[in-house]
Amino acid sequence: MTEHATTSDKRLSRATAIAWLWRRLSRWPLPRLWRFASTLGPLVYCFSRRERNVTDINLKVVYPALDQRKRRALAKQSLRHSTATMMELGYAWMAEPARVEASIIEVHGRDKLDSARSQGQGVIVLAPHFGNWEVLNFWLSSHFPFTAMYEPPKITNLEPIIRHGRERMGAQLVPTNPRGVAALLKALKRSEAIGILPDQEPDWGSGVFAPFYSRDAYTATLLPKLVARTQARVVTGVALRLPRRGFAIHFLDADERVYSADETVSASGVNASVEASIALEPAQYQWEYKRYRKVIEEQQQNPNANDFRLY
């Protein structure tokens, strides 16, 4: 057997195991999933050094005045919520739609979407890694024509399962390339809703540095390009977890700077919009993501750029 065949077999076995776990967990009620995540969360904090360290570093940046004890408690809560999100993937993608719909107990700010669409404007939903964004996708694609960018998973055998889960309520997934951008533009011109991940670090050349809390973060510039060409309205959308109960969808007005033609100003508005959603409950944000991976000194080709990195 060749090395390539062996690697492929391992990936297939891993994908099969993950898919089985998702299907199994999709049958569990949400309170049971939360209890499971509450048990695993402290273990993740203790034994997943990478997640713990990145979370601690990010929290030091964004909450410098928080004492160490409170910051550690927030880090533990955050990893518990991140674990819950992973446990809930099968629920969001595979559970009976009526069950998922019933678990969305509250929806706040729907009028922001309805108003924009009634005026013939498309809506751009900034969906940060907060709460359970897959539940947000479920709700949006259940109620509106909805298009979002999609990047295939590293475990390629999982792609059809993930794609089916995200598209099952009618969402259209498009690639993260010029063809995908063109599809987003067409959707907005049809006065539909699209989703953008505002806190995912873009490739060099596709973003600018803008403040996220007290430090500059490399931020995508796709939003001002879409707004300039479609006059779409922008809202932030999140699915806040209500432990043992379900979820509350919140749509918040975006910071007005997102409508600026200046890409740096617009990116600053995007980051401020993410900050406003995090303020709903900071523990539900995915702080283990390396949001500050790129540094200005690297862009400036400073030979000492590594001295300025956080991670």
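Just so it is clear, the structure is predicted and the values come from calculations on it, not from any experiment. (Residues numbered from 1 in each chain as written. Predicted model: local features only at pLDDT ≥ 70, side-chain atom pairs only at ≥ 80, totals over all residues. Heavy atoms only, no water.)

Caption draft 1: Structural detail: the nonpolar core. Ranked by internal contacts, the top residues of the largest apolar core, which has 44 residues, are L140 and F251. Each residue touching L140, except ones within four places of it in the same chain, is listed here: L113, V125, F146 and F251. In this structure, Y63, V238, L242 and V274 belong to the second largest nonpolar core, which totals 21 residues. (Core = buried A, V, L, I, M, F, W, Y, C linked by side-chain atoms within 4.5 Å. Buried < 20%, exposed > 50% of the residue type's maximum accessible area, 1.4 Å probe, protein only. Contact = heavy atoms within 4.5 Å.)

Caption draft 2: Looking closely at the layout of surface pockets. Counted as a void, the second largest pocket has a volume near 170 Å³. Together, 13 residues line the second largest pocket, and K112, R233, V235, D253 and Y259 are the ones closest to its centre. For the lining of the second largest pocket, the elements supplying multiple residues, two or more each, are α7 (110-118) and β8 (233-242). At four residues, α7 tops the list of elements feeding residues into the lining of the second largest pocket. Looking at the lining of the second largest pocket, its residues break down into five nonpolar, three polar and five charged. (1 Å grid on protein atoms, 1.4 Å probe; cavity = no way out; pocket = protein on both sides within 12 Å on 5 of 7 lines; lining within 4 Å. Points joined across faces, edges and corners; volume = space filled by probe spheres on them. Helix = DSSP H or I, 4+ residues; strand = E, 2+ residues; numbered from the N terminus. Nonpolar A, V, L, I, M, F, W, Y, C, P; charged D, E, K, R; others polar.)

Caption draft 3: The environment of L59, seen in detail. If you trace the backbone, L59 turns up in helix α3 (residues 49-62). Note on L59: relative accessible area 0%, which makes it buried. Separated by 65 residues in the primary sequence, L59 and I124 place their C-alpha atoms 28 Å from one another. Dropping the residues within four chain positions of it, L59 is found in contact with P64, R71, L74, A75 and W287.

Caption draft 4: Spotlight on the sheet that holds strand β9 (residues 246-253). The strand order β1-β9-β8-β2-β5-β3-β4 describes an open sheet built from seven strands, whose pairing is mixed. On the outer flanks of this sheet lie β1 (104-108) and β4 (172-175), each paired with one strand and no other. Going across the sheet, the axis of each strand differs from the next one's by a mean of 25°, ignoring polarity. Inspection of the sheet shows β1 paired to β9 by four bridges, in the parallel sense. Note that in β9 the partner of I104 across the bridge is F247. Contacts from helix α12 (residues 263-278) reach β2 (123-126), β8 and β9, with the element oriented near 25° to β8. (Pairing = 2+ DSSP bridges. Axes fitted to C-alpha atoms, helices over the stretch in contact; angles between N-to-C directions.)

Caption draft 5: Fine view of the packing of helix α2 (residues 30-47) against α3. Where α2 meets α3, the closest approach of the two axes is 5 Å, and the angle between their N-to-C directions is 85°. With respect to each other, α2 and α3 are oriented roughly perpendicular. Together, Y45, C46 and F47 of α2 and R49, R52 and D56 of α3 make up the contact between the two elements. Each residue belonging to the contact of α2 with α3 can be placed in one class, and the counts come to three nonpolar, no polar and three charged. (Parallel < 35°, antiparallel > 145°, perpendicular 65-115°, else oblique.)

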